[in-house]
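# Secondary and tertiary structure notes
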Amino acid sequence: MSSETPSQKPRVAVVFGGRSSEHAISVVTAGAVLAAIDREKYDVLPIGITTDGRWVLTADAPERMAITDRKLPDVAELSESAEGAVVLPVDPTSREVVYSEPGAVPKALGEVDVVFPVLHGPYGEDGTLQGLLELSGVPYVGSGVLASAVGQDKDYMKRVFTSFGLPVGPYEVVRPREWEQDPAAARKKIVDFAGEHGWPLFVKPARAGSSMGITKVDDVSGLDAAVEEARRHDPKIIVESLLTGREIECGVLEFEDGPRASVPAEIPPVSDHSFYDFEAKYIDSAAGLVPAPLTGEQTARVQELAVAAFEAASCEGLVRADFFLQDDGEFVINEINTLPGFTPISMYPRMWQETGVSYPELVDRLIQAALRRSTGLR
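Anyway, here's the lowdown on the structure attached to this text.

Rules of the game
Residues numbered from 1 in each chain as written. Predicted model: local features only at pLDDT ≥ 70, side-chain atom pairs only at ≥ 80, totals over all residues. Heavy atoms only, no water. Axes fitted to C-alpha atoms, helices over the stretch in contact; angles between N-to-C directions. Helix = DSSP H or I, 4+ residues; strand = E, 2+ residues; numbered from the N terminus. Parallel < 35°, antiparallel > 145°, perpendicular 65-115°, else oblique. Contact = heavy atoms within 4.5 Å. Nonpolar A, V, L, I, M, F, W, Y, C, P; charged D, E, K, R; others polar. Buried < 20%, exposed > 50% of the residue type's maximum accessible area, 1.4 Å probe, protein only. Pairing = 2+ DSSP bridges. 1 Å grid on protein atoms, 1.4 Å probe; cavity = no way out; pocket = protein on both sides within 12 Å on 5 of 7 lines; lining within 4 Å. Points joined across faces, edges and corners; volume = space filled by probe spheres on them. Phe/Tyr/Trp six-rings, centres within 6.5 Å; stacked < 30°, edge-to-face > 60°. Lys NZ or Arg CZ within 6 Å of the ring centre and 35° of its normal. Polar contact = N/O pair within 3.5 Å; in protein donor to acceptor, adjacent residues only side chain to side chain.

This paragraph deals with the packing of helix α4 (residues 145-152) against helix α5 (residues 154-163). Contact geometry of α4 with α5 gives a least axis separation of 5 Å together with a crossing angle of 105°. Comparing the axis directions of α4 and α5 gives the class roughly perpendicular. Along its contact with α4, which presents Val150, Gly151 and Gln152, the element α5 presents Lys154, Tyr156, Met157 and Val160. The residue inventory of the contact of α4 with α5, partitioned by class, reads four nonpolar, two polar and one charged.

Here Ser314 shows up in the loop between α10 (296-312) and β15 (318-326). Given a relative accessible area of 47%, Ser314 falls into the partly exposed group.

Quick look at the sheet that holds strand β10 (residues 215-217) now. As summarised here, the arrangement of the four strands in space is β8-β11-β9-β10, forming an open sheet in which the pairing is antiparallel. With partners counted over all chains shown, the strands left at the sheet margins are β8 (171-174) and β10, one partner each. This sheet shows a mean twist of 25° between the axes of neighbouring strands, independent of strand direction. Bridge analysis of β8 against strand β11 (residues 237-241) gives four bridges, and the strand direction is antiparallel. Counted as the bridge partner of Val173 is Ile238 from β11. Sitting on the sheet, helix α8 (residues 223-231) touches β9 (201-205), β10 and β11, and the angle it makes with β9 is about 25°.

Turning our attention to the layout of surface pockets. If you add up the space inside the second largest pocket, you get close to 200 Å³. Forming the boundary of the second largest pocket are Glu134, Tyr140, Gly144, Val145, Leu146, Ala147, Ser314, Glu316, Gly376, Leu377 and Arg378. Partitioned by chemical class, the residues of the lining of the second largest pocket number five nonpolar, three polar and three charged.

Counted by the stated rule, this structure contains five aromatic pairs. Their ring planes at 80° and their centres at 6.2 Å tell us that Phe323 and Phe331 sit as a pair that is edge-to-face. Across this residue pair, the class does not change: Phe323 and Phe331 are buried. An angle of 80° between the planes, with centres 5.7 Å apart, marks the rings of Phe342 and Tyr359 as edge-to-face. Residue Phe342 is found in the loop between β16 (331-337) and α11 (347-355), and its partner Tyr359 is found in helix α12 (residues 359-372); the two are separated by 17 residues along the sequence. Through a chain of ring-to-ring contacts, three or more aromatic side chains come together here, namely Phe116, Phe342, Tyr348 and Tyr359. Its end group placed over the ring of Tyr123, Arg19 keeps NZ or CZ at 3.9 Å from the ring centre. Across the ring face of Phe255, the terminal group of Arg260 is positioned such that the distance to the ring centre comes to 4.0 Å.

In this model, Trp199 is joined to Pro200 through a cis peptide bond whose omega is 0°. Relative to the elements of secondary structure, Pro200 occurs in the loop between α7 (183-197) and β9. Here the amide bond leading from Val290 into Pro291 is cis, since omega sits at 0°, within 30 degrees of zero. Summarising the element assignment, Pro291 is placed in the loop between α9 (278-283) and α10. The phi torsion at Tyr123 lies on the positive side, around 65°, for a residue other than glycine. By the element assignment, Tyr123 lies in the loop between β7 (114-117) and α3 (128-136). Phi is positive for Ser314, close to 60°, though the residue is something other than glycine.

A few words on the sheet that holds strand β6 (residues 107-111). Reading across the sheet, the three strands line up as β4-β5-β6 and stay open at both edges, with antiparallel pairing between neighbours. On the outer flanks of this sheet lie β4 (85-87) and β6, each paired with one strand and no other. If you compare each strand with its neighbour and ignore which way they point, the axes differ by 25° on average. Judged from the three bridges that link them, β4 and strand β5 (residues 96-100) form a sheet pairing that is antiparallel.

What α5 keeps buried is the set Lys154, Asp155, Met157, Lys158, Val160 and Phe161. Looking at the buried residues of α5, the elements they touch are α4, β8, β9, β11, α10 and β16. Its side-chain oxygen at 3.0 Å from the backbone nitrogen of Asp155, Asp153 defines the N-terminal cap of α5. Residue Gly165 follows α5 closely and has a positive phi angle near 80°.

Listed below in structure tokens is the structure:
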């Protein structure tokens, strides 16, 4: 806090939007977080990042950040100025946020005590924003640079999990130069993988979320189109075999004594979608089962694996861990999300609500955990 105002409430900058394909979902998440922050306990500064990367002041108007009539919100529509920009100085001795407009004297907006980033995908969830905040010396909600990067990159995420003995499903990675320089060889690599593990396959961007760019491929005829769709979001793609079984999710939250797991949830098969895709998650509001109908032993096992994944990737704050409960009774971890969705229908807050942590308390715990931590090595 500023030395001149020692009694001032902690100031939370909620940063949202961003340059990834998950821009709109980040705006929706920000609306829910802004509505939940206790204004008697914290001062709030909403900062949006446009799709072209400009940091802007936005209206503190959660009601304008929702999906309305299937229309997705956008930071540009919330910006208080078409030209003004917010600057967070890369100076650990000052947390002063500055606002500038062309032809005007820059205006100091005051110091920020903690940043609550609700950006999903590249340029926000992947360690890039976290690195900027480390350089600026500003504490922030969620995982640090390494864990954020690992959590965003499904290739290295699976490598980390494997090294810690966590169960992962079969996968293959096609790197950018492989497809660009010798697409025939890259295609053969995928077809050989299918020959070993069977069709259908899921072709995914290696570093995207919210089920963006994912295609279920039933045979080789649909492969090239699926690869190009994934590459629209990320030049590196990952190919996964179909895992039969139930989709189970579990939340992890950092408490004062360490990470704890929530009750798990189950994502039932979605009748109008071939898998749990973007539309099913955010537009059509697929209803997850909370808590998941599991045995006590199964619940304990998935909670154990979720915390183990949190620790394996050196996560902080929060994680949603996604699993498949296979027909043989074994769990396989699919992925973790270091900044999972916080929309009103998102599974992470619903799981914690069922565990006994309300949405406002969840937001408060995340802010308090960030304020307890220092930036830098820890």
